[in-house]
Amino acid sequence: MKMKSVFDAPEIKSEFESAGINPNFMIPIWKYVIQNPDCVWDEIPSLPTAAYTLLHSKFKTFTSSLHSLFHSSDGTTSKLLIKLQNGAFVEAVIMRYDTRLGMCGGKPRPGGVRSTLCISSQVGCKMGCTFCATGSMGFKSNLTSGEIVEQLVHASRLADIRNIVFMGMGEPLNNYNAVVESVRAMLKQPFQLSPKRITISTVGVVHAINKLHNDLPGISLAVSLHAPVQEIRCQIMPAARAFPLQKLMDALQAFQKNSQQKIFIEYIMLDGVNDQEENAHQLGELLKTFQVVINLIPFNPIGSTSQFKTSTKESVSSFQKILRETYNIRTTVRKEMGQDISGACGQLVVNQPDNKRPAEPLRDIEDLHL
């Protein structure tokens, strides 16, 4: 029988309630396991006798393990290669930022060193985005909510995680229930993350966007738009055929009306494909009635055979200037992090680089949640 993760909240709650055990015991169990990762069930104090029996028979402290850890040469990024109990691998990435560096309003910026965890929701991905390494894997399986939460537990031993972004392997909204339950667990003790510090990214799964605010109020939404017109979207994102641009815009409008939150727009810059001044104006017109932050993402190579090239810095700068000055849309350029360990945006695919270095915080990176 396949053992379940103790961090799978719906499973442990259901099993405890069926056995007449108060499901609130879940919290002290989580706390103990996090503090004592090598523990056995009998070491956890003050549980009902029936709880020990149930835990032994159906649950494991961890259904995944940290197989390998890689640090980028600049020390800002760490990639975790995590092995699941079925033998499959997923990757999670820790990105370290220092908000004290740089200026804000002519004064030193407040804050300090913080870490953001990029989490995977699936093994592989069925969206097939042509610029993304994960898409080349195809879809293998969904992660359980416990396997998703365990990525946070593993990463928390390495850094004080402040933000969570569901931007790793997989399309989060194609594994909707597990992602929702994992986020709900992260909001509880002992994690107690703030909803505004959790961002779920999607290529635009319209039916799931339509219910996300009700299921996870306060959570931030990021949309992998990557093109301002349907034709280009379908060219580089085959799954876009199932989610026409106008229907996606209608879903985003409803989400923003209900949530009263800004939406983050992710836009990968592909030389000669979607980075022309015309495309910038098309994007500005598309989004001018929304409250958004656009994040321009320099394309990260996924091998020597890639069909795409990275946009020039001049093209990115011009694109950003049009959005800012013509349309008054806040537009940032994502800092490239973790390329040398294949941990950058679009590079997550199971492999094992061999670069290992201690990690240091990054200087002058913009925190999109501020």
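Residues numbered from 1 in each chain as written. Predicted model: local features only at pLDDT ≥ 70, side-chain atom pairs only at ≥ 80, totals over all residues. Heavy atoms only, no water.

### Quick look at the environment of valine 33
Along the chain, the position of valine 33 falls in helix H2 (residues 26-35). Once the C-alpha coordinates of valine 33 and isoleucine 44 are considered, the two residues, 11 residues apart in sequence, prove to be 8.3 Å apart. Aside from chain neighbours lying at most four places away, what touches valine 33 is Phe7, Cys39, Trp41, Ile44, Thr61 and Phe62. (Helix = DSSP H or I, 4+ residues; strand = E, 2+ residues; numbered from the N terminus. Contact = heavy atoms within 4.5 Å.)

### What to know about the nonpolar core
Burial of nonpolar side chains together is a common tendency in soluble globular proteins. Of all hydrophobic cores here, the largest spans 89 residues; its most connected members are Ile164, Phe166, Leu287 and Ile294. A total of seven residues in this core trace back to one element, the largest contributor, which is helix H5 (residues 176-187). Summarising the domain contributions, this core has at least three residues from each of domain 1 (4-60) and domain 2 (65-341). Judged by nonpolar contacts, the second largest core, of 18 residues, contains Cys129, Cys234, Met237 and Ala240. (Core = buried A, V, L, I, M, F, W, Y, C linked by side-chain atoms within 4.5 Å. Buried < 20%, exposed > 50% of the residue type's maximum accessible area, 1.4 Å probe, protein only. Domains from an automatic or database assignment.)

### Looking at the pairing of strand E13 (residues 220-224)
Of all five residues in E13, five are buried; the element is thus mostly enclosed. Burial along E13 is two-sided: the residues Ser220, Ala222 and Ser224 and Leu221 and Val223 are all buried. Inspection of the sheet shows strand E12 (residues 198-202) paired to E13 by four bridges, in the parallel sense. Note that in E13 the partner of serine 201 across the bridge is alanine 222. Handedness of the crossover is the feature at issue here: the chain leaves E12, passes through helix H6 (residues 206-215), returns alongside E13, and the resulting connection is right-handed. (Pairing = 2+ DSSP bridges. Right-handed = clockwise from strand over helix to strand, strands pointing away.)

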